[in-house]
Structures are given as C-alpha cells and as structure tokens.
Amino acid sequence: MNRRTIAIVMDPIAHINYAKDTTLAMAWAAQDQGYELLYLTQSDLWLRDGIAYGRVRPLEVFRDPARWFALGEPRVTRLGDIDALLMRKDPPFDMEFIHTTYVLERAREQGTLVVNEPRGLRDMNEKVFTAWFPHCCAPTLVTRNMQDMEDFLVEHGKMVCKPLDGMGGRSIFVIDRGDKNMRVILETLTHDGSRFAMAQRYIPDIVTTGDSRILLVDGKPSPYALARIPRGDDHRGNLAAGGTGVGRELDERDRFLAAQIGPELAARGMLFVGLDVIGGFVTEINVTSPTGARELQKQFSIDLTADLITAIGQRLDRRA
C-alpha cells in the first residue's frame, strides 16, 4: 500500500528559524505519522489548461539544528494527485498570495485536501474577519475615511490602528486623544484616504497580561494559550516584535471565544487557526500561517502539530 503524501507550500526552508518554526514541526509530525513529504514554494506552482501542477521535491526532516532538512530531485506532478497540501506561506497577503490560492483551489477541486482551505484564505482577512463575530470583539472600525477614525478616537479616548495586510506587529500604532502625530499616522495607514485600515479601542490589558494566542485545531482549542508580553519599551506583544511568550491555561472567557469561532472556521475548512485575544476580546483571527505551537510544546509538552496531522488523516479517512 502506498504511503499517503503531504505537500507543504512554504517560504524557503533553508531560511526558517529552526528553534521556533511551526511549519517545520508540522513536517516532523507528518513524517512521524508515516506520510511522504513533498516541498514547494510559490514559484513551483502553476496552472495549465485548468490543471494545477507543482514542481515538487521529496523532503526529509530531522530534529537537528545543524541539518534539519534534505531535499530530493524535483519532479512535476498534478497537485490533485497529492493526498493533502499544507499552505504555510507567510504573509504579506498580497496579490501573489491571492493568485496562489487560485492554483490551490483548482488542486482542491481536483482531489487534494488543502489546509487551510484556499477560498477561506482569500475570504478571511485576519483583521476584517473579526467583523463576523462582533460579540467577541472590542469596538472596531474598518474604514479609509480619516475623519471617521478621528471621531472614533474622540469616542474612545485611545485606539490602536493597523493596516489590513500587516503581520508580526508591523505598522501598529497606539494613538491617544490629542496626539500631535495622529493625522500623519492616519494619512500613512490609509495612504491619504485611499486604502482601508482598522481602528480598535485600546485595551490596557496588553501591558499586564499581553496578547494571547489561542490555537485551534479543527475547531478545538489547545488547553493552553501563549500570552505574548510586550517589552517595556513597546506596546506590541508579537514575538516577531520582541514580545515574550508565556503559556497559561485557558480561562472561561477563552473557551467561550473558541466555542463561538472554532466550529464555524472548521466547517469552512480552516483546520489550524490562531485567535489573538487581549483582555477577553478577539483582535485578529489568524488563518494564514499561525505560529506559537513550538513555544507551547516546550512549556507544556503538548504537540498541536501532531494533532493537526491526525485531524488531516481523519478527514482523508472520511473522504476515502
């Protein structure tokens, strides 16, 4: 009996952070569970006469910081012939990313299980999709009208502003009422009113309890969240911005938020998702390439990436 195959579309594997990379842990878990691994980058994907193809390379992964991967010779294959495909390309969420989802959607229609689901990756902007769950969120405004944002600031006294396509804490601003830089910040974020941006009421819990990442696997939350505490000289908890990751058990509010959002995302084919929570409010729904699994594994000896590969296997069993 042939082994099942899992292909991984990701950033160049030679340049990942061995100690923290969640995609590498997914590859370890898939290999441990007996899957044949295949490796691709965006440039290895194309459509020909409606058929999705990939220039795949066999991949072997190792738990060795000096040599964590080995690649075989490339070959061309129909993506629809692969059992499952993990889309783990990091943002930016740009037009190239969207074009990639078209190729992957054709692959899904031609037989492969794509995780996360390509249409969901297009539809669920990680900032804007919070609007589908307003009862889980602090007051939020998405607009490109700078006067509306100024009025929002007057209403709430302090707000967080961010672009809709950012990642890793980049270009996130905290603005107080009366801030002399307010206008130039809004001009920068909205490109003088020509692009949408987001404003959220500032949640002071970010300073004390941080920005918590709750990871969901097939709609079910991990028992622990990763609280990302900002540095003393920064307001951003993102690990990429210098925040410190501290694990904690989920509380009742966390479980409520996961119960409100998780099943809906799982039904839409989003099997690995991160909810960003500050002070009991969801601020982002991360579907593109959520991270944090490695930090939770080190602190609590849980392997969410193994849970993901198991969930993928269960979905493949049901399809078979």
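Owing to the predicted nature of the structure, the values given are computational and were not obtained by experimental measurement.

Rules used in this analysis
- The numbering scheme is per chain: residues are counted from 1 as the chain's sequence reads.
- Local features in a predicted model are, by the rule used here, given only for residues with pLDDT of at least 70; side-chain atom pairs are given and counted only at 80 or more, and totals for whole chains, interfaces and linings are based on all residues.
- Each side-chain value is worked out from all heavy atoms of the structure, with water and hydrogens disregarded.
- Secondary structure is summarised from DSSP: a helix means a run of H or I of at least four residues, a strand means a run of E of at least two, and numbering begins at the N terminus for each.
- Radius of gyration here uses only the C-alpha atoms, and the compact-globule reference equals 2.2 Å multiplied by the residue count raised to the power 0.38.
- Note on exposure labels: buried denotes an accessible area under 20% of the residue type's maximum, exposed denotes more than 50%, and partly exposed covers the range between, all computed with a 1.4 Å probe on protein chains only.
- Throughout, a residue-residue contact means that at least one pair of heavy atoms, one from each residue, lies within 4.5 Å.
- Here, Shrake-Rupley sampling with a 1.4 Å probe gives the accessible areas, and only protein chains in the shown set may cover a residue.
- Only strands joined by at least two bridges in the DSSP assignment are considered to pair.
- Multiply 1.5 Å by the residue count of a helix minus one, and that product is the helix's expected span.
- Working definition for bend: take the seven residues up to and ending at a residue and the seven starting at it, fit an axis to each, and measure the angle between the axes.
- In protein, a polar contact requires one atom able to donate a hydrogen and another able to accept it; more generally it is a pair of N or O atoms within 3.5 Å, and residues adjacent in sequence count only if both atoms are side-chain atoms.
- For our purposes a nonpolar core is just a set of buried Ala, Val, Leu, Ile, Met, Phe, Trp, Tyr and Cys residues, chained together by side-chain atoms within 4.5 Å.
- Between N-to-C directions, angles cover 0 to 180 degrees, with each direction set by a line fitted to C-alpha atoms, over the stretch in contact for helices.
- When an angle is under 35 degrees it counts as roughly parallel; over 145 it counts as roughly antiparallel; between 65 and 115 it counts as roughly perpendicular; any other value is oblique.
- Rotating anticlockwise by less than a right angle from the far helix to the near helix defines a left-handed crossing, while the corresponding clockwise rotation defines a right-handed one.
- Residues were grouped as follows: Ala, Val, Leu, Ile, Met, Phe, Trp, Tyr, Cys and Pro as nonpolar; Asp, Glu, Lys and Arg as charged; and all remaining residues, including Gly, as polar.
- Defined by distance alone, a disulfide is two cysteine sulfur atoms within 2.5 Å.

For the chain, the count of helices and strands is 9 helices and 18 strands. Scaling as 2.2 N^0.38, a compact globule of 320 residues should have a C-alpha radius of gyration of about 20 Å, and the chain matches this with 20 Å. Principal-axis analysis of the C-alpha atoms places the extent of the chain at approximately 65 × 45 × 40 Å. Counting the 320 residues in the chain, one finds 52% classified as buried. Long-range contacts, defined as pairs at least 24 residues apart, comprise 68% of the intrachain contacts of the chain with a sequence gap of at least 6. Entry remark: accessible area of the chain is about 14500 Å², with carbon and sulfur atoms responsible for 49%.

In this section: the pairing of strand β15 (residues 224–229). When strand β13 (residues 211–217) meets β15, the two strands line up antiparallel, connected through 3 bridges. Each bridged residue has a counterpart across the sheet, and for Asp-211 the counterpart in β15 is Arg-228. Pairing between β15 and strand β16 (residues 244–249): 6 bridges, direction antiparallel. Bridged to Leu-226 within β16 is Gly-247.

This next bit is on helix α7 (residues 252–267). If you check α7, its first and last C-alpha atoms are 23 Å apart, about what 16 residues at 1.5 Å a residue would give, namely 22 Å. Remark: the principal bend of α7, roughly 30°, maps to Ile-261, with a proline, Pro-263, within the next four residues. Every buried residue belonging to α7 is among Asp-254, Leu-257, Ala-258, Ile-261, Gly-262, Leu-265 and Ala-266, and all of these are buried. Close packing links the buried residues of α7 with β13, β14 (220–221), β16, β17 (272–278), β18 (281–286) and α9 (304–319). The N-cap of α7, judged by a side-chain oxygen 3.1 Å from the amide nitrogen of Arg-253 a few residues on, is Asp-251. Positive phi appears at Gly-269, one or two residues downstream of α7, with a value of about 85°.

Bringing the nonpolar core into the picture now. Taken as a class, soluble globular proteins show a tendency for nonpolar side chains to be buried jointly. In this structure, Ile-6, Leu-86, Leu-308 and Ile-312 are the most contacted members of the largest nonpolar core, which totals 38 residues. Discounting chain neighbours no more than four positions away, the residues touching Leu-308 are Met-26, Leu-86, Val-115, Val-217, Leu-271 and Phe-272. By size, the runner-up hydrophobic cluster in this structure holds 37 residues, among which are Ile-82, Leu-216, Leu-250 and Val-287.

With that out of the way, let us pick up the sheet that holds strand β9 (residues 140–143). With respect to topology, 4 strands assemble into an open sheet ordered β9-β12-β10-β11, the strand pairing being antiparallel. Among the strands making up the open sheet, the edge pair consists of β9 and β11 (173–176). On average, adjacent strands in this sheet sit at an angle of 25° to one another, irrespective of strand direction. Lying on the sheet, helix α4 (residues 146–156) is in contact with β9, β10 (158–163), β11 and β12 (197–201); it crosses β12 at an angle near 10°.

This part covers the packing of helix α1 (residues 22–32) against α9. Direction vectors running N to C along α1 and α9 enclose 55°, while the axes themselves pass 8 Å from each other. Judged on the interaxial angle alone, α9 and α1 are oblique. Relative to α9, α1 is oriented so that their crossing is right-handed. Seen from α1, the contacting residues are Thr-22, Ala-25, Met-26, Ala-29 and Ala-30; seen from α9, they are Thr-305, Ala-306, Leu-308 and Ile-309. Its residues assigned to classes, the contact of α1 with α9 shows 7 nonpolar, 2 polar and no charged.

Okay, the side chain of Asp-276 next. Relative to the helices and strands, Asp-276 resides in strand β17. Side chain to side chain, Asp-276 and Arg-213 meet in a polar contact 2.5 Å long. Ignoring any residue separated from it by four or fewer positions in sequence, one finds Asp-276 in contact with Asp-211, Ser-212, Arg-213, Arg-228, Phe-281, Val-282, Thr-283 and Glu-284.

Right, let's get into the state of the cysteines. One pass over the full model with this rule turns up 0 disulfides. Looking at Cys-161, it has no disulfide partner, and the nearest cysteine sulfur is the one in Cys-137, 16 Å off.

On to α1. Where burial is concerned, most of α1 is hidden: 9 out of the 11 residues are buried. Along α1, the positions that sit buried rather than exposed are Thr-22, Thr-23, Leu-24, Ala-25, Met-26, Ala-27, Trp-28, Ala-29 and Ala-30. Looking at where α1 begins, the residue whose side-chain oxygen comes 3.0 Å from the main-chain nitrogen of Thr-23 is Asp-21. Gly-34 sits one or two positions beyond α1 and adopts a positive phi of about 95°.

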